[in-house]
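Structural features, examined
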Amino acid sequence: MNAWLNWETAGVVVGALLFFWGVGAYNRLMALRNAIGDAFTQHDAHLKARAELSDRLLAQVAPRLPTEQATFDALAGAQAEAQAAAQAARPKPWSPDPVGSLAVASALQGAALTRLLSLLDHHAELRSETDIDGLVTELKLVERQRAFTRQVFNQAVTQYNEALHQFPTRVLANLYGFSDARSL
């Protein structure tokens, strides 16, 4: 009878330890996944600011350089694609497919913006106007901030993915449907 109590007690203790470990591991994965969401919110704010500033810059520059319409159309198209991709990624920024689409669309938008800024460098008369020069300066600041928030997002993704692949947490992650996140 006494030996039975010892085995029963040991089983209860082991079961309790496994239960509390499982709760802790689940809560850690949720906290790390929520950190991805928080980091994405910061990055998304800069994506919106970049879109708004580039729209304002296009409105100022496009009427003055009608021969460069292809550049403006490329930027507008890339921007629309980036906004659609960001919209798709907002509900679940830890989901790899929408974030991958956003990474590609954001890179295309960045390349189109670079072409526009290069074009403005060749037209110094436009850059000398305070409206346009102010927008360019503001846009460059937002781009630096966006690059920083992108780095914070990618660090959050790395921490989450590392925790996800640690044993024995991986077993629990598979059980509850946690999957890898994707960097921007």
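First, a word on what this report is: a plain description of the structure on this page. (Residues numbered from 1 in each chain as written. Predicted model: local features only at pLDDT ≥ 70, side-chain atom pairs only at ≥ 80, totals over all residues. Heavy atoms only, no water.)

1. A few points about the overall build of the protein
Along its length, the protein carries six helices and zero strands. For the protein, the N- to C-terminal ordering of α and β elements is α-α-α-α-α-α. For a compact globule of 184 residues, the expected C-alpha radius of gyration is about 16 Å, and the protein comes in at 24 Å, more than 25% above that figure. Dimensions of the protein, computed from the C-alpha atoms along their principal axes, are close to 95 × 25 × 20 Å. Relative to its full complement of 184 residues, the protein shows a buried share of 38%. The long-range share in the protein, meaning contacts at least 24 apart out of those at least 6 apart in sequence, stands at 77%. Each charge class in the protein was averaged separately, 16 positive and 18 negative side chains, and the resulting centres sit 5 Å apart. (Helix = DSSP H or I, 4+ residues; strand = E, 2+ residues; numbered from the N terminus. Rg over C-alpha atoms; globule rule 2.2 N^0.38 Å. Buried < 20%, exposed > 50% of the residue type's maximum accessible area, 1.4 Å probe, protein only. Contact = heavy atoms within 4.5 Å. Lys, Arg positive; Asp, Glu negative; His and termini not counted. Charge placed at Lys NZ, Arg CZ, Asp CG, Glu CD.)

2. As for the pattern of salt bridges
Counting across every chain of the model gives five salt bridges. When the shortest N-O distance is used, the salt bridge between R90 and D44 registers 2.5 Å. With R90 in the loop between helix 2 (69–89) and helix 3 (96–122) and D44 in helix 1 (residues 2–61), the pair connects residues that are 46 residues apart, well separated along the chain. Assessed through its relative accessible area of 29%, R90 is described here as partly exposed. For D44, a relative accessible area of 6% corresponds to the buried category. The salt bridge partner of E52 is R56, with a shortest N-O separation of 3.1 Å. (Salt bridge = Lys/Arg side-chain N within 4 Å of Asp/Glu carboxyl O.)

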